[in-house]
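Notes for the structure review
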Amino acid sequence: MSAQPNRRTAITGIGVVAPNGLHTQTYWKSVKEGLSVLDRITREGCGHLPLRVAGEVRGFDASALIEETFLVQTDRFSHFAMAAASAALKDAGLSDAAADSPYSVGVVTAAGSGGGEFGQRELQKLWGQGSRFVGPYQSIAWFYAASTGQISIRSGFKGPCGVVASDEAGGLDAVAHAARTVGRGTDVVVAGAAEAPLAPYSMVCQLGYPELSTVEDPARAYRPFTSAACGFVPAEGGAVLVVEDLDRARRRDADVRATVAGHAATFTGASRWDRSREGLAHAIRGALDEADCAPEEIDVVFADAMGVPEADRAEALALADALGPHGTRVPVTAPKTGIGRSYCGAPLLDVAAAVMAMEEGRIPPTPNVFDICHDIDLVTSTARPAELSTALVLSRGLMGSNAALVLRRDPGPAAR
């Protein structure tokens, strides 16, 4: 497929499944009101573990949203992704996107660990009953690529498909991969990430992360950029976007919710938070360069907000390094402190929030955070009205990946 460098990419659909909302608008309403839904973990088999607080997706009925044929083959993380993909396609007005040209639609997702709950259940059957009792879908349901495969099969999409495995920052990398795939000639790419890391097996694996918070008070368990920062809390859920050729979207009178302007990624090593300052700053500069965007044009930053003192300091300094004096003046927010970090799904939820913040002209606050100890303008307590044209979304992973994504608000027909 030949490159088409003049092709620009638009976000025309958003689908969300999150701890604070099972639908996109419910999620945004909770985010802009600064609601925190962090709470004690209630999932079966987890009560004895030292990880006490997380962002659970409650009230999600997969059987009401997904056909039985797909339910039996897939894990909870894919259920979230399929539900979000359906919502994003509906939002974009592309529910039947594959009817006329299935090869014009691709899928790319990111995943940190895959289907832990499904895998644990089948392994318990193996140990307790024998190999003949292990289901035939064990080989695919746990696999980190399962969501891409099931979304494409379910919708009949036969365009370029892929999976990004680059740590938590893979959520932003998936959006960039989708945008570049559109730039090479594919009309539409469904892109996103959703995670379900709260099964007992998955939680035990996470306990090896020194950055994980084991504080039992939900209001104090995840407080980045403060002197009380004690790590992060995990979460379920994520978001899926429809990324589309901008000219095509305009021709079909689609609602262009934002454009993907620039992206860059770096790698600085697992838990080496002092080095993440340089790596994140380099990613920010790269994203700005690709977007042809001056630092002063950034109107809001959606922070990675790891919640580890060294990591928070590195992020604040990276903003100053990459944006200059504007780095201490630009409004910064981290809505994830109210819902937890859903690994690869976390930056996708930030992208969704950034798009809606630009649409509404309102920067959401950072829940549970008040006493800032870094030189950044962190939005806390209540949402802040602002004219927003350009947003910067940041993400870092526990294994050392860093990514930055620049989004722009579409000016609308009158400004074109």
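Before reading further, recall that the structure is shown in the block above.
Please read these numbers as outputs of a predicted model, since none were measured by experiment.

**Points about the overall build of the protein chain**
Within the protein chain one finds 12 helices and 15 strands. For 416 residues, the compact-globule formula gives about 22 Å, and the C-alpha radius of gyration of the protein chain, at 20 Å, lands near that figure. The dimensions of the protein chain, computed from C-alpha atoms along their principal axes, are 65 × 55 × 35 Å. Out of the 416 residues in the protein chain, the part that is buried amounts to 60%.

**Structural notes on unusual backbone geometry**
Here the phi dihedral of serine 271 falls at roughly 60 degrees; this positive angle occurs in a residue that is not glycine. Its location among the elements puts serine 271 in the loop between strand S8 (258-267) and helix H10 (273-291). The residue serine 381 is not glycine, and still its phi comes out positive at about 70 degrees. Turning to its location among the elements, serine 381 is positioned in the loop between strand S12 (377-378) and strand S13 (384-385).

**So, the pattern of salt bridges**
This structure, assessed with the given rule, holds 29 salt bridges. With a closest N to O distance of 3.9 Å, aspartate 39 and arginine 58 form a salt bridge. Of this pair, aspartate 39 sits in strand S2 (residues 39-40) while arginine 58 sits in the loop between strand S3 (53-54) and helix H2 (68-71), and the two are 19 residues apart along the sequence. You can call aspartate 39 partly exposed: its relative accessible area is 33%. Classification of arginine 58 by relative accessible area gives partly exposed; the value is 41%. Note that glutamate 236 is salt-bridged to arginine 43, the shortest N-O span being 2.8 Å. Residue glutamate 236 is located in the loop between helix H8 (200-206) and strand S7 (237-245), and its partner arginine 43 is located in the loop between S2 and S3; the two are separated by 193 residues in the primary sequence.

**Description of a nonpolar patch on the surface**
Residues Val72, Tyr137 and Ile140 make up a contiguous nonpolar surface patch of roughly 220 Å² in combined accessible area. By the element assignment, isoleucine 140 lies in helix H5 (residues 138-141). On the basis of relative accessibility, which here comes to 37%, the residue isoleucine 140 falls in the partly exposed class.

**Considering the pairing of strand S1 (residues 9-17)**
Most of S1 is tucked away: nine of the nine residues are buried. Bridge count for S1 against S8 is three bridges, and the pairing is antiparallel. In the sheet register, isoleucine 11 faces S8, and the bridge partner there is alanine 258. Inspection of the sheet shows S1 paired to S7 by eight bridges, in the antiparallel sense. From the neighbouring strand, valine 17 faces S7, where its bridge partner is glycine 238.

**Considering the environment of aspartate 253**
Within the element layout of this structure, aspartate 253 appears in the loop between helix H9 (246-251) and S8. In this structure the C-alpha to C-alpha distance between aspartate 253 and glycine 93, which are 160 residues apart in sequence, comes to 9.9 Å.

**Some points on the packing of helix H7 (residues 170-183) against helix H12 (residues 345-360)**
In contact at an axis separation of 6 Å, H7 and H12 are set at 60 degrees when each is read in the N-to-C sense. Between H7 and H12, the angle is such that the two are oblique. Counted together, Gly171, Leu172 and Val175 of H7 and Pro347, Leu348 and Val351 of H12 form the full contact between these two elements. Partitioned by chemical class, the residues of the contact of H7 with H12 number five nonpolar, one polar and no charged.

**Focus on the nonpolar core**
Counting residues in hydrophobic clusters, the biggest one holds 48 residues, and the most contacted among them are Ile284, Val301, Leu319, Val332, Leu392 and Leu394. For this core, the secondary structure elements donating two or more residues are S3, H10, helix H11 (309-323), strand S14 (390-396) and strand S15 (401-408). Considering every element that reaches this core, the biggest residue donor is H10, with eight residues. Counting residues in hydrophobic clusters, the runner-up holds 47 residues, among them Ala110, Ala352, Met358 and Ala391.

**Concerning the packing of aromatic side chains**
Under the criterion given, the structure shown has four aromatic pairs. Relative to phenylalanine 80, the ring of phenylalanine 60 has its centre 5.0 Å away and its plane inclined at 70 degrees; by these criteria the two rings are edge-to-face. Residue phenylalanine 60 is found in the loop between S3 and H2, and its partner phenylalanine 80 is found in helix H3 (residues 76-92); the two are separated by 20 residues along the sequence. Per residue, the accessibility class of phenylalanine 60 equals that of phenylalanine 80, and both read buried. Pairing tryptophan 142 with phenylalanine 143 gives two aromatic rings, centres 5.7 Å apart and planes at 65 degrees, and the pair type is edge-to-face. Relative accessible area serves as the criterion here: at 34%, phenylalanine 143 is assigned to the partly exposed category. Clustering of aromatic rings is evident, with ring pairs tying together Trp142, Phe143 and Tyr144.

**Describing H12**
With 16 residues, H12 extends 23 Å from end C-alpha to end C-alpha; this agrees with the ideal 22 Å at 1.5 Å per step. Of all 16 residues in H12, 14 are buried, a share of seventy percent or more. Just downstream of H12 lies glycine 361, where phi reads positive at about 70 degrees.

Conventions used here
Residues numbered from 1 in each chain as written. Predicted model: local features only at pLDDT ≥ 70, side-chain atom pairs only at ≥ 80, totals over all residues. Heavy atoms only, no water. Helix = DSSP H or I, 4+ residues; strand = E, 2+ residues; numbered from the N terminus. Rg over C-alpha atoms; globule rule 2.2 N^0.38 Å. Buried < 20%, exposed > 50% of the residue type's maximum accessible area, 1.4 Å probe, protein only. Salt bridge = Lys/Arg side-chain N within 4 Å of Asp/Glu carboxyl O. Patch = residues over 30% accessible without salt bridge, like charges linked within 9 Å, V, L, I, M, F, W, Y side chains within 5 Å. Areas by Shrake-Rupley, 256 points an atom, 1.4 Å probe, with all protein chains shown as cover. Pairing = 2+ DSSP bridges. Axes fitted to C-alpha atoms, helices over the stretch in contact; angles between N-to-C directions. Parallel < 35°, antiparallel > 145°, perpendicular 65-115°, else oblique. Contact = heavy atoms within 4.5 Å. Nonpolar A, V, L, I, M, F, W, Y, C, P; charged D, E, K, R; others polar. Core = buried A, V, L, I, M, F, W, Y, C linked by side-chain atoms within 4.5 Å. Phe/Tyr/Trp six-rings, centres within 6.5 Å; stacked < 30°, edge-to-face > 60°. Expected span 1.5 Å × (residues − 1).

Just geometry here; none of it tells us what the structure is for.
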